[in-house]
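A closer look at the structure
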Amino acid sequence: MDATILMLLLQDGVVNGAIYALIALSLVLVFTVTRVILIPQGEFVAFGALTLAAFEAGTVPGTVPLLLALGAAACAADLVEARHALDARRILRIALRDLVLPGAVAALAYALGPGKPTLALGIALTLAIVTPMGAYLHSIAFRPLEKASVLVLLVAAVGVHLALTGLGLVFFGAEGSRTPPLSDAMLPAGPLSVSGQSLWMIGLTLAIIVALWAFFGLTLLGKALMATAVNRLGARLMGIGPGMAGRLSFSVAAFIGALSGVLVAPLTTIYYDTGFLIGLKGFVAAIIGGLASYPAAAAAAVLVGIIESVAAFEASAFKEVIVFMAIIPVLLWRSARADPVEDEE
Amino acid sequence: MSRLFEAQDVTVAYGKIEAVRGVSLAVEPGRVVTVLGANGAGKTTLLNALMGVLPARGAIRFDGRDLARLPVEERVAAGLSLIPERRELFATMSVEDNLRLGAFRFRGRPQEGGSLEAMFALFPRLKERRRQLAGTLSGGERQMLAMARALMGRPRLLMLDEPSLGLAPLIVAEVMRTVADLRGQGVAVLLVEQNARAALQVADYGYVMDGGSVVLEGESRALQADKRVVETYLGVLAADTEPARGVG
């Protein structure tokens, strides 16, 4: 391996690492707020990529009817959840959130989808379709388990992952898709050339990190999420409901997942089940960060990306093995130096 | 007088063990009501049940509305607030952020919630510490922050669980003064205390719990003179308030 190849691999690793960083940040967010290890995060990535690909092909993506169905199910779950405090205002709010919003998004998708929308419009529609799914999945699958242990929530997350993968196969079929890059530009940088697409990926990742920082640091809603992560009972006593906190954090995760899908779709062919592997690598990074630290998770994600690209060059058959093996020394190190891991809060 | 808050026949069970048995109590606006009792009498369990932290049987009415089946955050929205024994502050967040989150239920209409300035006027120490993390505060400052955070939510009924626990006598006096001042603002207070002497000085009315049930109730003055109360609670506490106790 000479220096040029190493540079190339590093560049590749950082670009992939940016995607893993986005995934890892979502996982940390969702885990600290809801104690759910969000295995289905990868499905948001795949849904984002495949939804955009369907728009590019001039069709209405299968995620649109899925969004309507999830919204209706979430509406039922939310009504049951709030049954002791139902008044007109609350019913209206639930209906707006779970029925009217997905209805409006679906109407737009049906109106604009067949006419092959521009790339920017397709991306906007994709994000609008996938983001609310996070909140709906929380209402359907996780809100009723609010008092359950981390392990039970994990099993539920695996269940949601399997269900979404199956639905992905139904709606998108077994064929993979790719989308055009956000930018065709190629910028020379010494012996290398940097593609516009990778600049977009790194730039948007940094933008998301800044946006998350501003959300937690500057807005009351962001602080409410952080408060829920710090002290669940204290947050409830301030009127910060776990349902609201869960829906919000799941929506942010779904948004980031869909955006990651949009970013990664031009680089690699995405199948209905590709998300899982991407999500798992983000998970490795999140674990290295202890599922608690955002900066550590983001840094670890870049490291995972670099390990992956170097491994792919040196021993491509063992690429995934090497990436996932990297977690073992980290776990040993963490368990050796950390206080006993707090399983429950 | 109209009853702002009323609990009837409240029972809380941990499995088969009933920690609170058929307790009924009422709090009127602008009044301080205390619940006394020894360790393990069921006082904390009762408060947690009234707030919805623990499931309970029985009726809980607030301002004519039945709260018994509502979750904690709905009770907060109705105007109830609980300062638990462990305070439950946001330890890794700043004092100021803790306070701002106290007014979370007024998000979008912050002028209706409490103001930081008012809290800093009430507890000047918090103003000095406003950028500090809540977890770095002393015990007395934590209790002040817990009270200020609760007041930011403009509760109509404030429930305090052992606010004097682990505090130096001077700080206990300050906490009790603040509780008494709430009366003037029309806030109803339900005060659970082991420090019966301090609690009866500030309260208008009191209930005495033993073994999960209310065994005695009456105006504070009557309770202070009651032979059983003096022997069981005031007597014990007289020995208990020796200097070694204060932690501050």
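Above this note sits the structure.
Here we summarise the structure given alongside this text. In this text the structure is predicted, and so the values were computed from the model without any measurement.

Thresholds applied
- Residues numbered from 1 in each chain as written.
- Chains lettered and ligands numbered in written order.
- Predicted model: local features only at pLDDT ≥ 70, side-chain atom pairs only at ≥ 80, totals over all residues.
- Heavy atoms only, no water.
- Helix = DSSP H or I, 4+ residues; strand = E, 2+ residues; numbered from the N terminus.
- Contact = heavy atoms within 4.5 Å.
- Axes fitted to C-alpha atoms, helices over the stretch in contact; angles between N-to-C directions.
- Parallel < 35°, antiparallel > 145°, perpendicular 65-115°, else oblique.
- Left-handed = near helix turned anticlockwise from the far one by under 90°.
- Nonpolar A, V, L, I, M, F, W, Y, C, P; charged D, E, K, R; others polar.
- Salt bridge = Lys/Arg side-chain N within 4 Å of Asp/Glu carboxyl O.
- Buried < 20%, exposed > 50% of the residue type's maximum accessible area, 1.4 Å probe, protein only.
- Buried area = accessible area lost by both parts, 1.4 Å probe.
- Pairing = 2+ DSSP bridges.
- Patch = residues over 30% accessible without salt bridge, like charges linked within 9 Å, V, L, I, M, F, W, Y side chains within 5 Å.
- Areas by Shrake-Rupley, 256 points an atom, 1.4 Å probe, with all protein chains shown as cover.
- Phe/Tyr/Trp six-rings, centres within 6.5 Å; stacked < 30°, edge-to-face > 60°.
- Lys NZ or Arg CZ within 6 Å of the ring centre and 35° of its normal.

1. Describing the side chain of Glu88(B)
Relative to the helices and strands, Glu88(B) is located in the loop between strand S6 (80-83) and helix H3 (95-102). Non-local contacts of Glu88(B), meaning those with residues more than four positions away in its chain, are made with Asn231(A), Leu233(A), Gly234(A) and Arg149(B).

2. What to know about the packing of helix H1 (residues 3-34) of chain A against helix H11 (residues 274-288) of chain A
All names here are of chain A. Following both chains from N to C, one finds H1 and H11 inclined at 65 degrees, their axes separated by 8 Å at the closest point. It follows from the interaxial angle that H1 and H11 lie roughly perpendicular. Classified by chirality, the crossing of H11 by H1 is right-handed. Contacts between H1 and H11 involve Ile19, Tyr20, Ile23, Ala24, Leu27 and Val28 from the former and Ile278, Gly279, Lys281, Gly282, Phe283, Ala285 and Ala286 from the latter. Of the residues assigned to the contact of H1 with H11, the class counts are 10 nonpolar, two polar and one charged.

3. Observations regarding the pattern of salt bridges
What the rule picks out here adds up to 29 salt bridges over all chains. Between Arg97(A) and Asp78(A) there is a salt bridge, with the nearest N and O atoms lying 2.9 Å from each other. Note that Arg97(A) is positioned in helix H4 (residues 88-112) and Asp78(A) in helix H3 (residues 63-81), a separation of 19 residues in sequence. Of the residues examined, Arg97(A) reaches a relative accessible area of 24% and is grouped as partly exposed. Measuring nitrogen to oxygen at the nearest pair gives 3.5 Å for the salt bridge that ties Asp98(A) to Arg97(A). Shared partners join several salt bridges into a network, and the residues in it are Glu81(A), Arg143(A), Glu146(A), Arg236(A) and Glu73(B).

4. Some points on the interface of chain A and chain B
Contacts between the two partners involve 23 residues from chain A and, on the opposite side, 25 residues from chain B. Taking both sides of the interface into account, the surface hidden between chain A and chain B amounts to around 2200 Å²; carbon and sulfur atoms contribute 69%. Broken down residue by residue, the surface that chain A buries against chain B is led by Leu220(A), Leu237(A) and Met238(A), which jointly contribute 32%. In this assembly, chain A and chain B are joined by three salt bridges.

5. As for the environment of Gly166(B)
Residue and element names in this part refer to chain B. If you trace the backbone, glycine 166 turns up in the loop between strand S7 (157-161) and helix H7 (169-184). Overall, glycine 166 belongs to the partly exposed group, its relative accessible area being 34%. Residues glycine 166 and glycine 139, spaced 27 residues apart in sequence, show a C-alpha to C-alpha distance of 7.2 Å.

6. Here's the deal with the sheet that holds S6(B)
Two strands in a sheet stick together by hydrogen bonds in their backbones, pointing the same way (parallel) or opposite ways (antiparallel). Residues and elements named next belong to chain B. Overall, mixed pairing links the six strands, which are arranged S6-S7-S8-S3-S9-S10 in an open sheet. Edge positions in the sheet fall to S6 and strand S10 (213-219), since each has one partner strand and no second. Pairs of neighbouring strands in the sheet enclose a mean axial angle of 15 degrees, with direction left out of account. Bridge count for strand S3 (residues 32-37) against strand S9 (residues 205-210) is five bridges, and the pairing is parallel. Residue pairing for S9: leucine 36 is matched across the bridge by valine 208. On the sheet, H7 packs against S3, S7 and strand S8 (188-193) and is oriented at approximately 155 degrees with respect to S8.

7. Observations regarding a nonpolar patch on the surface
A surface patch of nonpolar side chains, about 580 Å² in accessible area, is lined by Phe318(A), Val321(A), Ile322(A), Met325(A), Ile328(A) and Leu332(A). If one sorts the elements of the nonpolar patch by residue count, helix H13 (residues 319-325) of chain A sits on top with three residues.

8. Quick look at the packing of aromatic side chains
Scanning the model with the defined rule gives six aromatic pairs over all chains in all. Ring geometry for Phe142(A) and Phe250(A): centres 5.2 Å apart, planes at 45 degrees, overall tilted. Of this pair, Phe142(A) sits in helix H5 (residues 119-142) while Phe250(A) sits in helix H10 (residues 242-264), placing them 108 residues apart in sequence. Phe250(A) matches Phe142(A) in its accessibility class, with the two residues each being buried. Arranged with centres 5.4 Å apart and planes meeting at 65 degrees, the rings of Tyr205(B) and Tyr207(B) form a pair that is edge-to-face. Here Tyr205(B) falls in the buried class, since its relative accessible area comes to 19%. With relative accessibility at 4%, the residue Tyr207(B) sits in the buried group. By way of ring pairs, the aromatic residues Phe215(A), Phe216(A) and Tyr294(A) are connected into one cluster. One Lys or Arg, Arg149(B), reaches over the ring of Phe90(B) and ends 4.8 Å from the middle of that ring.

Any functional reading would require information that these geometric values do not contain.
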